[in-house]
Every structure is written in structure tokens, then in C-alpha cells.
Amino acid sequence: MASEDIAQLADALAKTHVGDGELSYKGLGLKLDDAESVEELVREIEQYPGLRALRLEGNTVGVAAARAIARALESKDLLQRCYWSDMFTGRLRSEIPTALRSLGTALMSAGARLTELDLSDNAFGPDGVKGIEQLLRSPSCHNLQELKLNNCGMGIGGGKILAEALIEGHRQSSEHGAPLKLRVFAAGRNRLENEGARALAKAFQLMGSLEEVHMPQNGINHAGVMALASAMRHNPELRVLNFNDNTFTKRGTLAMAQALRHLRNVQVINFGDCLVRSEGAIALAAVLGEGLPILKELNLSFGEITEAAALVVARAVMDKPDMEKVDLNGNSLGEEGCEALREALENLDKGAMLASLSDDEGEPDDEEEEEGDDDDDDDDASEDGENGITRDDSLAKPQTPAEITSFLSCPSAERLLQLGEMRTSLQQQVDASDPHNAADVLLKIGALYSEEPETRTAVLETIDAVLKKLLSGSSFQAYCFLSSLLVMMGLLKGEGRVKKVSLVPGQLLCLEHAIQQEYFTRHHASLLHTFMSKNSGALESFSSAGERLNSTLEKKCHDQH
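Presented here is an overview of the structure given in this document. Please read all numbers here as calculations on a predicted model, not as lab measurements.

### Brief notes about the side chain of glutamate 22
Structurally, the position occupied by glutamate 22 is in strand E2 (residues 22-24). Given the relative accessible area of 14%, glutamate 22 is considered buried. One polar contact links glutamate 22 to arginine 55, side chain to side chain, over a distance of 3.4 Å.

### Remarks on the environment of alanine 257
Assignment of secondary structure puts alanine 257 in helix H9 (residues 249-260). Classification of alanine 257 as buried rests on a relative accessible area of 0%. Dropping the residues within four chain positions of it, alanine 257 is found in contact with Ala283, Leu284, Val287 and Phe476.

### Side note on the layout of surface pockets
In this structure, the second largest pocket encloses a volume near 750 Å³. Lining the second largest pocket are 26 residues; nearest its centre among them are Arg315, Tyr479, Arg522, His523 and Ser526. Listed by contribution, the elements that provide at least two residues to the lining of the second largest pocket are helix H10 (277-290), helix H11 (307-317), helix H17 (475-488) and helix H19 (522-534). The leading source of residues in the lining of the second largest pocket is H19, at eight residues. Residues that form the lining of the second largest pocket fall into these classes: ten nonpolar, eleven polar and five charged.

### Side note on the nonpolar core
Ranked by size, the top nonpolar core spans 179 residues in total, and within it Leu73 and Phe271 carry the most contacts. At ten residues, the largest contribution of residues to this core is made by H17. Residues within four places of leucine 73 in sequence aside, it is in contact with Ile45, Leu51, Leu54, Leu79, Trp84, Leu103, Ala106, Leu107 and Ala110.

### Looking at the environment of glutamate 540
The topology assignment puts glutamate 540 in the loop between H19 and helix H20 (543-557). Since its relative accessible area comes to 62%, glutamate 540 is described here as exposed.

### A few points about the pattern of salt bridges
If you walk through the whole model with that rule in mind, you get 25 salt bridges. Here glutamate 279 ties to lysine 250 by a salt bridge, and the two come within 3.0 Å at their closest N and O atoms. A residue pair is termed long-range when its members are at least 10 positions apart, and glutamate 279 in helix H10 and lysine 250 in helix H9 qualify at 29 residues. Since its relative accessible area comes to 7%, glutamate 279 is described here as buried. Where salt bridges share partners, they join Glu146, Lys148, Arg183, Glu211, Glu212 and Arg239 into one cluster.

### Observations regarding H17
With 14 residues, H17 ought to run about 20 Å at 1.5 Å a step, and its terminal C-alpha atoms sit 20 Å apart, in line with that. Buried within H17 we find Phe476, Ala478, Tyr479, Cys480, Phe481, Leu482, Ser483, Ser484, Leu485, Leu486, Val487 and Met488. Just past H17, the residue glycine 490 takes up positive phi, approximately 80°.

### Comments concerning the packing of aromatic side chains
The final tally for this structure, using the stated rule, is four aromatic pairs. Both rings, one in phenylalanine 243 and one in phenylalanine 248, keep their centres 6.5 Å apart while their planes meet at 55°; by these two values the pair is tilted. Grouping residues by exposure puts phenylalanine 243 and phenylalanine 248 together as buried. Look at phenylalanine 248 and phenylalanine 271: their rings are 4.9 Å apart centre to centre, the planes differ by 55°, and that puts the pair in the tilted class. Placement of the pair is phenylalanine 248 in the loop between strand E11 (240-242) and H9 and phenylalanine 271 in the loop between strand E12 (268-270) and H10, with a sequence separation of 23 residues.

### Things to note about the state of the cysteines
For the structure on display, the rule yields zero disulfides. Counting only cysteine sulfurs, cysteine 274 is the nearest neighbor of cysteine 480, a cysteine outside any disulfide, at a range of 18 Å.

### A word on the environment of alanine 281
Note that alanine 281 resides in helix H10. Put simply, alanine 281 and glutamate 304 are 23 residues apart on the chain and 9.7 Å apart in space, counted from C-alpha to C-alpha. When neighbours within four sequence positions are excluded, alanine 281 is seen to be in contact with Val276, Ile305, Ala309 and Val313.

### Some thoughts on empty space enclosed by the protein
What the rule picks out here adds up to three cavities of 30 Å³ or more. Space inside the largest cavity adds up to approximately 60 Å³. Contributing to the lining of the largest cavity are Leu442, Leu443, Gly446, Ile463, Leu467, Gln507, Cys510, Leu511 and Ala514. Listed by contribution, the elements that provide at least two residues to the lining of the largest cavity are helix H15 (435-446), helix H16 (453-471) and helix H18 (505-515). Ranked by residues supplied to the lining of the largest cavity, first place goes to H18 with four residues. Looking at side-chain class alone, the lining of the largest cavity contains seven nonpolar, two polar and no charged residues.

### Things to note about unusual backbone geometry
For residues besides glycine, phi is generally negative; the peptide bonds are generally trans as well. The phi angle at asparagine 151 is positive, at roughly 55°, despite the residue not being glycine. In this fold, asparagine 151 is placed in the loop between strand E8 (146-148) and helix H6 (155-175). Residue classification places asparagine 151 among the partly exposed residues on the basis of a relative accessible area of 28%. The residue aspartate 245 is not glycine, and still its phi comes out positive at about 60°. Looking at the element boundaries, aspartate 245 is found in the loop between E11 and H9.

### Some points on the packing of H16 against H17
Contact pair H16 / H17: the axes reach a minimum separation of 8 Å and the direction vectors enclose 130°. Judged by the angle between their axes, H16 and H17 are oblique. Facing Leu467, Leu470 and Leu471 of H16, the residues of H17 in contact are Ala478, Phe481 and Leu482. Taken together, the residues of the contact of H16 with H17 break down into six nonpolar, no polar and no charged.

Conventions used here
- Residues numbered from 1 in each chain as written.
- Predicted model: local features only at pLDDT ≥ 70, side-chain atom pairs only at ≥ 80, totals over all residues.
- Heavy atoms only, no water.
- Helix = DSSP H or I, 4+ residues; strand = E, 2+ residues; numbered from the N terminus.
- Buried < 20%, exposed > 50% of the residue type's maximum accessible area, 1.4 Å probe, protein only.
- Polar contact = N/O pair within 3.5 Å; in protein donor to acceptor, adjacent residues only side chain to side chain.
- Contact = heavy atoms within 4.5 Å.
- 1 Å grid on protein atoms, 1.4 Å probe; cavity = no way out; pocket = protein on both sides within 12 Å on 5 of 7 lines; lining within 4 Å.
- Points joined across faces, edges and corners; volume = space filled by probe spheres on them.
- Nonpolar A, V, L, I, M, F, W, Y, C, P; charged D, E, K, R; others polar.
- Core = buried A, V, L, I, M, F, W, Y, C linked by side-chain atoms within 4.5 Å.
- Salt bridge = Lys/Arg side-chain N within 4 Å of Asp/Glu carboxyl O.
- Expected span 1.5 Å × (residues − 1).
- Phe/Tyr/Trp six-rings, centres within 6.5 Å; stacked < 30°, edge-to-face > 60°.
- Disulfide = S-S within 2.5 Å.
- Axes fitted to C-alpha atoms, helices over the stretch in contact; angles between N-to-C directions.
- Parallel < 35°, antiparallel > 145°, perpendicular 65-115°, else oblique.

Below, the structure written as C-alpha cells:
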């Protein structure tokens, strides 16, 4: 090593931070190639009593240098925190696993019990994960609380190896009576995709101890999101969820919304740039309305959310006492929609919580064809039902009588009347876990409405029975049903190939009747009114029925009792 290099290293080491059990070489830009280049660093490690934290980030460490550092660590049994991000810049990818394996073996030999391990910004790929695999399985990581692997290029293969290591670590630690309880997991920008996400979801569900999950930019679509959502609901202490820049679409968003219903401690939700869309935003608003009591931040930016859905979200967060920030930037509100959103929050003195709307995409083109998404891939099927809503398999659906089947295949007023008391069986044909089918049944019945007394009574009684069942459950299920109804009525743009119904006045009059009933709450009415007022042109051809419906909605929305 040249004398000028030694002098440079000595000068850099003079800036080393020492204290509180921590030895830090953070950001010194040292190029540590061989054993000679780390002599001073090794000496400092060896001579530091009670070493609990070692910072090596922002330097570049070669294989020989790593081995020398490892020898120094073999006696450091008190070491708990390893901050080793960005420490292989310029190194061959084939070198990194060997260096990591040396360091990991030293920690295991020392009997160290790590609580934090940060290896972010080391582009080591799947092979790099193999380099830390044994460490993660070992007793040295049985007390691990924070694991950070951002921007490591793990890919699907690395994600699977990591998941298996965590599962094995949990198994071994459980055998010793103290199961692995990881609190913070960060693995953004790793190209984990669906397979990697699914593998990790199994580990997350098994541990059940997570408080923060950060997995942005991983190329995960609805199938992987649904698996992660299922795992999240088994982690009751979750505070931070960051899945920014993955592709939720409707099925993923609904699955994640359903998971959030089981979580009471969430403070930060970042679903920005996740293609949540309006139907997903409505489902999240329902969850906000009935849960998430200490939420502080909500990011639904760049999600193709329209004005009406954004207003529904805004109203849902207004009553959150700890709410600090709502980000709806980059959606499809339009200039008037942005102003309406600002006004809605400012009217309740909540304007300060709204993030900038400077990147709004403008109102969507009504003629724009629905873009395809991955939701048609059924090879990704999970135990969750259609659209990500979990079905209750314990409630077996009764066999449908032939008369009911005949009526639903070709509905008519005559057939409805012929059903007699069997009409009550129609409510058994609707299930909140299948909102599209439920909305279809409701509209079929509503289309039979007429002013002929017997028919009118039969239709309205059946409508009441069906809607009472659909709306008496959770807000989440009710909002999912109502959003499906809005899609079929042409008042909300849905995902995929949803066939819109050719509306008739009777369907609107049935809704007008239902809104006046006790089972139809002010929140339900507010949701419908928001979308109908923003899409008034869709009902122009039903002047009388449409006016009656809007008038009844307004009355219900302003009824405080």
C-alpha cells in the first residue's frame, strides 16, 4: 500500500465516530481492497470494548478486506447492529457473496445476536442473498428486529431464498422458545414480482410481528398483492404499509382494504402509483370510515382516481383526529375536481392536510377504452373470492330452487308474482362477497317495477329484502356492492369488461324507495349522491325518475338523524 494511501486512510479514520457502543466509518469513501488496507480499521474494531454497532456504509470492501474485518469480529459477541449498506461499489458481483459469507460466519462464530441488519444498495442479486442465507437462519438472527434490503436486485430467486431463510429462522428460534419477531422489513426496488412476494408473504404471516413493511417498486401485480394482503392481516401491530409503485388494480386494492379492516394500529399507508382506481378508492374509504382510528398519512397518488371517488376518500378521513396528510396528486380529478376537493377539506378547516395537486392528470376521456390489466389471469387464483373479497365458506349457499333459477334467467313481473312466498329466496341468491352478481340481481328485479299495485308491492318488497341483506353488513361490503351498482349503471368507470345495464325508470324509482328506508344509511346515500351529481348527464333521459331519485338522495344526505 503506497504511503500516500496510508496517509489518506489515517486521515479518514481520524473522522471515525466512536461512542455509545457504535463504531462508524459511514460515508468515508474508503477503498478497502486487501488486509493491509484495513489494518487500522481492524485494530480499532479489535480494541473497541463492548462494540454494539458497526457502520461500514458508503465504503467499498473487497473479499480480502472483508475476511480481515471478519477475523476482528469473531470476538465481538455483543454486536447487535450492522449498518452495511452501499459497501460494495465497484466490486464484481461474484465477489460480494464471498465477502458477505465471511462476515456472516464471523458473527455466528462470535455468538452475536443481531437486532438490525441493513444491506441496502448492494447490487448483489440472488447470489448475494445466498451469501447471508446461513446467517439469517442462524441463532445470530433469531433476535433480529429490523431487516433492510432495499435496492439489492434480489429478483424472484433472491426473494424465495430470503423467505425460506426467514421461515427456517422462525422455526429454529421457536424450538428454543423465543420465535423470530421481525418488526421492520424493507425490500424496495428488488424486482420481487408475484412469486417473490408470495414467498415472502408466507414468512410474514408465520411471524405475525411486523410493524413496518416497505416494498415499493417491485413489479408486483394483483396476485402478489392479494398474497401480501392476506399476510398483513395476521400482523396486528402494523403501523406502516408502503407498497408504492406496484400494480394493485381493483382485485389487489380490495384485498388490501379487507386486510386493513383487521388492523387498528396503522398510521401510514402508501399506495401511491399503485393503480388503485376509483373502485379501489371507494373500498379504502369504507375501511377508513369504520376503522384505522390512528391513521396519520394516506397516499393514493397517481392511481387513476376520479373526482367523485376522491371526494369520498376525503370525507372518510375528515374525522380522523390524528390525520396529517392526504396525497391525491396525479389522479384524474380535473381542474374543477381539484377545486372541489380543496373546498371540501377547507370547509371543515382541514385544508392543510391535503398535499399538492399540481400533477393532476385531468378528467378522464369518456370515450377512452378501458385499459387491460392483469386481472384476467386466473392462473394466479388465490383463496380470496372474485375481486379480492374473501368468501365465507362456512356459510354454504343453499341449492337454488328451479323456479328461482328460471326467474333469474328470464325475469318478468308475471314470474315474480308466481313465486309468491318463494320471493324471499331471492335474497339468498345475493352474496356480499360477489357484489357484481348482487348488483345484477337487484337491477333485474328493479326493471320489473310498474305502478300496477300488486307488481309494485312485490318488486319493492323483494328489493327491500335484497338490499337489507347487502347493506346490513360491514361498510366495506356495502361500499363494494354500491360501487358495483354504480359501474353497472354507467355512473362509475369499472375495470375489465363490465357490461353496463340499459337503465329503465323503474330501477331508479326502486332506488328512490330504498333510500328512504332505515337500512339505507346516510353514508350509503352520500356515496350514491356524490357519483350521481358528478355524472348527472347519465340520467337526463329519465327526467322525472332521475329528479325524484336526486331529490330523495339530497334529503337523506342532509338528514342528521
